[in-house]
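# Analysis of the macromolecular model
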Amino acid sequence: VVVPAKEFVDVPIEQISFNVNVYFVINQSIIRANQMGKLSRLLQYLAEHPRAFVRLSGYADRETGNPTINMRLSIERSQAVSKYLQDAGIAEWRIRRFAKGDLVQPFDIPEENRVCICYVYDPDNPTPQSFDY
């Protein structure tokens, strides 16, 4: 029996095991083929670490669109990644979705803010690590 991690939301950034950035085309929330390798490696990790969970944070770049459109896009981006993970067999309780719209810009390059950042928290492996993809 897998025991779920106790904390799903607001885990301190220091407790992130690793993160994966899934980038999108402007004004789209469709996962591109060139991002699938990252998601395959993420799925492999989640399959091998059944207590790990992922926090999906969708973003949009503020240099395009408007706040309403960008919030919708960021929601759709986190939903797209969540659906992909669930369709591949990851339980919904292991996924938490968030949307930042264009309120937060995690990167200096606008195109990189068209992203869903997948923050993985693994209570059995809490030390930050590199993740090759």
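Residues numbered from 1 in each chain as written. Predicted model: local features only at pLDDT ≥ 70, side-chain atom pairs only at ≥ 80, totals over all residues. Heavy atoms only, no water.

## Some details on unusual backbone geometry
Of note, the phi angle at Asn27 is positive, near 60 degrees, even though the residue is not glycine. Here Asn27 shows up in the loop between strand E1 (18–23) and helix H1 (36–48). (Helix = DSSP H or I, 4+ residues; strand = E, 2+ residues; numbered from the N terminus.)

## Digging into the packing of aromatic side chains
Counted under the stated rule, the structure contains three aromatic pairs. An angle of 50 degrees between the planes, with centres 6.3 Å apart, marks the rings of Tyr23 and Phe107 as tilted. Within this pair, whereas Tyr23 is found in strand E1, its partner Phe107 is found in the loop between strand E3 (95–99) and strand E4 (115–121), the two being separated by 84 residues in sequence. Residue classification places Phe107 among the partly exposed residues on the basis of a relative accessible area of 22%. Between Phe53 and Tyr121, the aromatic rings sit 5.3 Å apart at their centres with planes inclined by 25 degrees, giving stacked as the arrangement. With Phe53 in strand E2 (residues 53–58) and Tyr121 in strand E4, this residue pair connects regions lying 68 residues apart in the sequence. As far as burial versus exposure is concerned, Phe53 and Tyr121 are alike and both buried. The aromatic ring of Phe98 is capped on one face by Arg55, whose charged end is 3.8 Å from the ring centroid. (Phe/Tyr/Trp six-rings, centres within 6.5 Å; stacked < 30°, edge-to-face > 60°. Buried < 20%, exposed > 50% of the residue type's maximum accessible area, 1.4 Å probe, protein only. Lys NZ or Arg CZ within 6 Å of the ring centre and 35° of its normal.)

## With respect to the confidence of the model for the protein chain
In regions of low pLDDT, the predicted coordinates are not meant to be interpreted in detail. When the pLDDT values of the protein chain are averaged, the result is 87; 83% of them are 70 or greater. Per-element confidence in the protein chain ranges from a low mean pLDDT of 92 for E1 to a high of 97 for helix H2 (residues 67–87). Counting interchain partners and residues more than four positions distant, the pLDDT-below-50 stretch residues 1–9 has 16 contacts. (pLDDT = per-residue confidence, 0-100. Contact = heavy atoms within 4.5 Å.)

## Focus: the nonpolar core
Among the nonpolar cores identified, the biggest contains 21 residues, and Val22, Leu42, Leu56, Val81, Leu85 and Cys118 are the most heavily contacted of them. Where this core is concerned, the elements lending two or more residues are E1, H1, E2, H2 and E4. Among the elements that take part in this core, H1 stands out by supplying five residues, more than any other. Among the nonpolar cores identified, the runner-up in size contains eight residues, and Ile16, Tyr59, Ile117 and Tyr121 belong to it. (Core = buried A, V, L, I, M, F, W, Y, C linked by side-chain atoms within 4.5 Å.)

## With respect to H2
With 21 residues, H2 should cover 30 Å at 1.5 Å per step; its first-to-last C-alpha distance of 30 Å lies within 8% of that length. Residues Asn70, Leu73, Ser74, Arg77, Ser78, Ala80, Val81, Ser82 and Leu85 constitute the buried set of H2. On its buried face, H2 is in contact with E1, H1, E2, E3 and E4. A side-chain oxygen of the first residue of H2 lies 2.9 Å from the backbone nitrogen of Thr68; this N-cap is Asn66. Directly beyond the C-terminal end of H2, a positive phi value near 105 degrees is found at Gly89. (Expected span 1.5 Å × (residues − 1). Polar contact = N/O pair within 3.5 Å; in protein donor to acceptor, adjacent residues only side chain to side chain.)

## So, the packing of H1 against H2
It is at 11 Å that the axes of H1 and H2 come closest, and there the two elements cross at 50 degrees. Judged by the inter-axis angle, H1 sits oblique to H2. For the crossing formed where H1 meets H2, the hand is right-handed. Every residue of H2 that contacts H1 at Met36, Leu39, Ser40, Leu42 and Leu43 is listed here: Val81, Tyr84 and Leu85. (Axes fitted to C-alpha atoms, helices over the stretch in contact; angles between N-to-C directions. Parallel < 35°, antiparallel > 145°, perpendicular 65-115°, else oblique. Left-handed = near helix turned anticlockwise from the far one by under 90°.)

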